[in-house]
Amino acid sequence: MGQPVHQRLNFDSDWKFHLGNAADPHRDFNYGIGNIFAKTGDAANTCIRADFDDRSWEAVQLPHDWVVGLPFQQVANNDVDAHGYHAVGALFPENSIGWYRKSFAVARADSGKRVVLQFDGVFRDSKVWVNNCYIGAHFSGYSGSSYDITDFLHWGGRNTVVVRVDASQYEGWFYEGAGIYRHAWMNIVNNTHLALLGGVFVHSEVKGDQAAVSVETKVDNYHPGAPDASVESYITDREGKRVASGASLVIQQPKLWSPESPYLYRAVVVVRSGGQVVDSQTVRFGIRTITIDKDRGLFLNGKPVKVQGVCCHQDHAGVGSALPDYLQYYRIGLLKEMGVNAYRTSHNPPTPELLDACDSLGMLVLDETRLLNSGAEYGADLEWQILRDRNHASVFMWSIGNEEWVIQQSITGKQIAQHQIQRQQQLDPTRTSTYAANVGNVFRGVNEVIPVRGFNYNLKGLDPYRKEHPDQPIIGTEVASTVSTRGIYETDTVNAYVPDYDSVYPPWASTAEQWWTIAASREWMMGGFAWTGFDYRGEPTPYRWPDINSHFGIMDMCGFPKTVYYYYQSWWTDKDVLHIAPHWNWKGKEGKQIPVWVNTNGDNVELFLNGRSLGRKDMPRNGHLEWMVAYAPGKLEAVAYKKGKKLTAAVETTGEPARVVISPSRTSVNGDGKDAAVFNISVVDKQGREVPDANGLLHFSASGGRIIGVGNGDPSSHEPDKFEGGGWQRHLFNGRCQVIVQSLPTSGDLVLSVAAEGLPAVRSVISTTP
């Protein structure tokens, strides 16, 4: 019958959105007044009705996060504080219900098939109706949900899906956003088909110069009686050439997946019934061997690997939690440039596109579930997560929870952990699991049964715990938590800024240099995950309002590096690194002492101010160097030698801004209406030197694309991230800001124009390809 008939159709476009109200049913489109659950198909006088007039509603495209566009509001409430002071949650009923509607058609020719709606993530507590009929609900904002809507469809006619999202209840203690913030899909499959969740499980075993690939399948059958079905699998390389087929799938001289060489094969699974192809799935997978040794740490393909990891939340400047797919690749690319080789999905299952990026670019993943809980709902969420993610080469270990301080040292915590570990092993015996415990030398509870002991901070407990439990492998599941503000070099309690050095950290934490020196010197410690790769909304630390962001990031919300970035890059890469902090624009501080930090992987550094040597120092392994320098305008230069190779770096006193510079992240985008590009903005003086303390206001417009978010990395900025009516603008923060532009479904040029008072207008042009 030709091509396989499995259709997986993107369902992101042409939605309508409107806020409801959690406290007033009249302003929630009569939800709670109309008796909509009394009879199937009776939507009463609510917006659930298929014939409801939604023409005045806002047109939106998924992924969609309605919170990122809400104002900030100072409230004396720890949870509002932790979520970044956005006006959402039970205290803000007018902003905490979202309604989505979409009309769609399904061809009459498909009427003999199954149709399944799939939502990758809706925050949170969502309910779904199709053609007035209630279909189902899902409570967590971090796991996906699917609904078979076959029986409720108007074949060949107009159908309406309605989703009510209730974000009144927080689920985490960080910015979470709200809405259908991940992709949605419509799957149209035959009655006999591979299970949409966990239908194909591909894993391999390497022996010598060959790899034996196993493909496990699960077929769902909606025909009465036993299906007349057969399943065939074969393997192709990434160019599509078949490299293994038949009963024994053996690949000779396989290309192994690793962060340095992330090669991915394809497993193609075909289901036949009655002599015809009725379903097919293609799964990308990597061939690699993960080994964990209690004395020597982590091995990948037989080679020792120190985990140089970061923890990350899922939001980004300008767009909140609703990231275009490209931003996942952009962020992973920034981390790899720094030397990161592992990513912890804190503290929830990630969007699938994040794992796709890690597979493709080469990034190990510690895949973490939202809650240590074996109850029916969260237990099912763990199963969903493992079934969804177990084919990803990047996932090297599961995390069954994080800092469950109420139960982690109790028999209850131990019993839940045992249940979750057992289920993980049943669904994926190829990997093991850890738990992120914020205790030191403590064994009772979860740590008694967890295969790999995870340390969140409490590094003084490392050595005594290792001594008492030498047979349990150890990894730093969460370390560091240095706080710093990009481009700020002194404490500012009014604006809630902290110095941009590796020097300030909360009582439970440490500097980057402290934790990495410990991890690097202990072979049995696998390494660790620094908190965090990027700043994120919420958890303002060490200050509160006006601070609305964390300061924990090694990079800020936009991905602009802080000083500590260069510490990690020095010791996590072989690149030639030499970096000076701070900048050298200190008008009014002539003669005053300025702390100067130099990060490098060179052997020694000599510092010069306006050509005069300030001394030469040897660089300690896994360390940094400091000078106190009396400020004088001019040029501060560092000269280092790395194995005889000369490295130089300098910061100079600049003039006033003279020109805007736009740096696009790519030269072209796909004209599919979904792809995106990042435009980083800076200003330079008349000599072309970037002005590091510029904070002027910029105005943006785009043609051939649409701006979807702006940011600048300022953790205390209350400027909007969204300007849905136009008039996009943002101040520079210490010389930089960022604009994210999404493509339109067209070809031609995508143009971003930038204007600033007193400076020439500039524009950047990239191409859009069909």
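Summary of the structure given here. Since we're looking at a predicted model, the values are computed, not measured.

## Focus: the sheet that holds strand E45 (residues 748-756)
Stage number 1. Ordered by their spatial adjacency, five strands build an open sheet running E39-E46-E45-E41-E43, and the pairing between neighbours is mixed. If you trace the sheet from one side to the other, it starts and ends with strand E39 (668-670) and strand E43 (729-731), each paired once. With direction set aside, neighbouring strand axes in the sheet form an average angle of 30°.
Stage number 2. Bridge count for strand E41 (residues 697-703) against E43 is three bridges, and the pairing is antiparallel. For Leu697, the partnering residue across the bridge sits in E43 and is His731.

## Remarks on the nonpolar core
Stage number 1. Counting 76 residues, the largest nonpolar core has Leu335, Trp515, Tyr568, Trp584 and Val596 as its most contacted members.
Stage number 2. When neighbours within four sequence positions are excluded, Tyr568 is seen to be in contact with Met338, Ala480, Ala512, Trp515, Ala530, Ile554 and Thr573.
Stage number 3. Listed in part, the 65 residues of the second largest apolar core include Trp66, Ala167, Ile180 and Val305.

## Quick word on the packing of helix H2 (residues 325-338) against helix H8 (residues 563-572)
Stage number 1. For the pair H2 and H8, the least separation of the axes is 8 Å and the interaxial angle reads 60°. Across from Leu334, Glu337 and Met338 in H2, the residues of H8 making contact are Tyr565, Tyr568, Gln569 and Trp572.
Stage number 2. Residue classes in the contact of H2 with H8 are distributed as five nonpolar, one polar and one charged.

## Concerning the environment of Arg8
Stage number 1. Tracing the backbone shows Arg8 in strand E1 (residues 7-10).
Stage number 2. Given the relative accessible area of 45%, Arg8 is considered partly exposed.
Stage number 3. Arg8 sits 601 residues away from Leu609 along the chain, and the two C-alpha atoms are 62 Å apart.
Stage number 4. What Arg8 contacts, discounting residues up to four positions off in sequence, is Gln118, Trp185, Met186 and Asn187.

## What about the pattern of salt bridges?
Stage number 1. Inspection of every chain in the model, using the stated rule, returns 40 salt bridges.
Stage number 2. Across the pair Asp148 and Arg114 runs a salt bridge, and its minimum N-O distance is 3.2 Å. Taken together, the residues span a long stretch of sequence, with Asp148 in strand E8 (residues 145-148) and Arg114 in strand E5 (residues 114-119) at a distance of 34 residues.
Stage number 3. Taking relative accessible area as the criterion, Asp148 reaches 28% and is therefore assigned partly exposed.

## Considerations on the pairing of strand E4 (residues 97-105)
Stage number 1. E4 sits mainly inside the fold: seven of its nine residues count as buried.
Stage number 2. Pairing of strand E2 (residues 15-19) with E4, which is carried by four bridges, proceeds in the antiparallel orientation. Among the inter-strand pairings, Lys16 is bridged to a residue of E4, identified as Arg101.
Stage number 3. Across nine bridges, the pairing between E4 and strand E9 (residues 158-166) is antiparallel.

About the criteria used
- Residues numbered from 1 in each chain as written.
- Predicted model: local features only at pLDDT ≥ 70, side-chain atom pairs only at ≥ 80, totals over all residues.
- Heavy atoms only, no water.
- Pairing = 2+ DSSP bridges.
- Helix = DSSP H or I, 4+ residues; strand = E, 2+ residues; numbered from the N terminus.
- Axes fitted to C-alpha atoms, helices over the stretch in contact; angles between N-to-C directions.
- Core = buried A, V, L, I, M, F, W, Y, C linked by side-chain atoms within 4.5 Å.
- Buried < 20%, exposed > 50% of the residue type's maximum accessible area, 1.4 Å probe, protein only.
- Contact = heavy atoms within 4.5 Å.
- Nonpolar A, V, L, I, M, F, W, Y, C, P; charged D, E, K, R; others polar.
- Salt bridge = Lys/Arg side-chain N within 4 Å of Asp/Glu carboxyl O.

Note that all results are geometric; they support no functional claim without further evidence.
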